[in-house]
Amino acid sequence: MLEYVNIKDFKVGQRIKGVYLIKSIAVKITNSNNKKYLDITLSDKTGDINAKLWDLKEDFNNNEFVENTLVCVKGCVLSWQSIMQLKLESISNDFDRENINISDYVKCAPIDSNEMFNELHKIVSSFKNDDIRNILLEILSIKKEKLLYYPAAKSNHHSIKGGLLYHILSMIKLGEKICELYSIVNKELLFAGIILHDIEKTEEMNSSELGIVSTYTVEGQLLSHLIQGITLVDRVSSKVGASSEIRMLLQHMILSHHYEPEYGSPIKPMIIEAELLHYIDVIDARMYDMKKILDGVDEGNFSERIFSLNNRKVYKPKF
Ligand SMILES: [Fe+2]
Ligand SMILES: [Fe+2]
């Protein structure tokens, strides 16, 4: 009987038997000998690991195993190009579900969601500009339920339960410091842009209440959270009777926050707060990604190449 091991504690050579969450799963074919194998990413709250089940039998039915569900696996940890990988011996849905605690499998933001929401609500309530405050309070009340569990992304930065709120609050803390340095910045406008920039990810992606995104919505794919955000601000501005100038500035920040047309922004920032919003967003996403990556790297080693970091690898210094 092997004891359950958290993924972050996996060691090369270790034998593993336990229940893990399927993050992604696909049947693939080897280049070398055209044989089918199962390519799975398994996760628990401490991390994730790629796993392979080689030489699949002809009658293997991968429809039994579904993304974002739990599965019992047995195998051995090995190192492939300096990255840990699990070589599977078996995979099964036959395990005792009674004793499973789902919170062991889902990563959550380090701060309680209700606490984060209340903090955000307090910040918005203190805004002096009536239009910005009214728009934001209305949007927070519309989005409260989803904000308590939505991640900020499907698989990149802050893809954890409550990740969107955590991303927003981290950016506000960063924005606060930047505003201390540059008095030219309108803090309320910047904070409003921070809160709104990704808020329609709650409509762009379908997330379970565990904060796991399975798919993008049709509207999300056809319009993106940028355009969805603009229409949301339009609706709410009309409802609260906000000035057209404030509505336009908020919409401009949402529209330009990805900066480049190939990332979905048709125009570049043309106000100071929009320029800052973009860079604060990038800083927060990068720091989150790099920290997450380095948590799984030993000192003196490089990480694997990371797609979200333009295929760079990250080095963990020895001191
Ligand atoms: Fe965005
Ligand atoms: Fe963002």
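Criteria and cut-off values
- Residues numbered from 1 in each chain as written.
- Chains lettered and ligands numbered in written order.
- Predicted model: local features only at pLDDT ≥ 70, side-chain atom pairs only at ≥ 80, totals over all residues.
- Helix = DSSP H or I, 4+ residues; strand = E, 2+ residues; numbered from the N terminus.
- Buried ≥ 20, exposed ≤ 12 C-beta atoms within 10 Å, placed from the backbone.
- Pairing = 2+ DSSP bridges.
- Axes fitted to C-alpha atoms, helices over the stretch in contact; angles between N-to-C directions.
- Expected span 1.5 Å × (residues − 1).
- Contact = placed C-beta atoms within 7 Å.
- Domains from an automatic or database assignment.
- Core = buried A, V, L, I, M, F, W, Y, C linked by C-beta atoms within 7 Å.
- Bend = angle between axes of the 7 residues up to and from the residue.
- Left-handed = near helix turned anticlockwise from the far one by under 90°.
- Nonpolar A, V, L, I, M, F, W, Y, C, P; charged D, E, K, R; others polar.

Chemist: Can you walk me through the overall build of the protein chain in this structure?
Modeler: The secondary structure content of the protein chain amounts to 8 helices and 7 strands. Dimensions of the protein chain, computed from the C-alpha atoms along their principal axes, are close to 65 × 45 × 35 Å. Within the protein chain, buried positions represent 34% of all 319 residues.

Chemist: Sorry, what's going on with the sheet that holds strand E5 (residues 83-92) here?
Modeler: Reading around the circumference, E1-E2-E3-E5-E4 is the order of the 5 strands in this closed barrel, with mixed pairing throughout. Taken over all neighbouring pairs, the strand axes of this sheet differ in orientation by 50° on average, direction set aside. Sheet analysis places strand E1 (residues 15-29) next to strand E2 (residues 36-44), joined by 8 bridges and oriented antiparallel. For Lys28, the partnering residue across the bridge sits in E2 and is Tyr37.

Chemist: When you look at helix H8 (residues 272-295) in this model, what are you seeing that I'm missing?
Modeler: What sets the pattern is the α-helix's 3.6 residues per turn: residues three or four places apart point alike. With 24 residues, H8 extends 35 Å between its outermost C-alpha atoms, agreeing within 8% with the 34 Å of an ideal straight helix rising 1.5 Å per residue. Those residues of H8 not exposed but buried are Glu273, Ala274, Leu276, Leu277, His278, Ile280, Asp281, Asp284, Ala285 and Tyr288. Elements that come into contact with the buried residues of H8 comprise helix H3 (163-181), helix H4 (187-197) and helix H7 (244-256).

Chemist: So what exactly am I meant to see when it comes to the domain arrangement of the protein chain here?
Modeler: Interfaces are often described in size by the accessible area the parts lose on coming together. Each assigned domain of the protein chain is listed with its residue range as follows: domain 1 (7-104) and domain 2 (113-292). Placing the centre of domain 1 and that of domain 2 at their C-alpha centroids yields a distance of 35 Å.

Chemist: Looking at this structure, how should I read the nonpolar core?
Modeler: Within soluble globular proteins, side chains that are nonpolar generally end up buried alongside one another. In terms of nonpolar packing, the biggest core is built from 44 residues, with Leu165 and Ile195 touching the most fellow members. Broken down by element, this core gets its largest block of residues, 7 residues, from H4. Counting residues in hydrophobic clusters, the runner-up holds 20 residues, among them Ile40, Leu86, Ile91 and Ile212.

Chemist: Would you mind going over helix H2 (residues 130-147) with me for this structure?
Modeler: Along its length, H2 reaches its greatest deviation from straightness, about 40°, at Ser141. Of all the residues in H2, the buried ones are Asp131, Ile132, Ile135, Leu136, Ile139, Lys143 and Leu147. Here the buried face of H2 lies against helix H1 (113-125), H3, H4, helix H5 (201-204), helix H6 (218-240) and H7.

Chemist: Mind showing me how you'd approach unusual backbone geometry here?
Modeler: Backbone phi values are negative for most residues with the exception of glycine, while trans is the configuration of most peptide bonds. One non-glycine residue, Gln81, lies in the positive phi region at around 50°. By secondary structure assignment, the location of Gln81 is in the loop between strand E4 (70-80) and E5. With a phi close to 65°, Asn311 is a non-glycine residue in the positive phi region. Along the chain, Asn311 falls in the segment after H8. Under the C-beta neighbour-count criterion, Asn311 is labelled exposed, with 9 such atoms within 10 Å.

Chemist: Even after reading the chapter, I still don't get the pairing of strand E7 (residues 213-216), so can you show me in this structure?
Modeler: It is a general feature of regular strands that their side chains alternate between the two faces of the sheet. Where strand E6 (residues 205-207) lies against E7, 3 bridges are found, and the strand directions are antiparallel. The residue of E7 that forms the bridge with Ser207 is Val213. The antiparallel pairing of E6 with E7 creates a hairpin that spans 5 residues between the two strands, and Gly211 there sits at a positive phi of about 80°.

Chemist: Could you clarify how one ought to interpret the packing of H2 against H6 in this entry?
Modeler: When two helices pack together, their arrangement is given by the angle between their axes and by how far apart the axes lie. Running from amino to carboxyl end, H2 crosses H6 at an angle of 115°, the nearest separation of the two axes being 9 Å. The element H2 and its partner H6 pack so that their crossing is right-handed. Within the contact between the two elements, H2 uses Asn134, Ile135, Glu138 and Ile139 and H6 uses Leu232, Val233, Val236, Ser237, Lys239 and Val240. Residues of the contact of H2 with H6, tallied by class, amount to 6 nonpolar, 2 polar and 2 charged.

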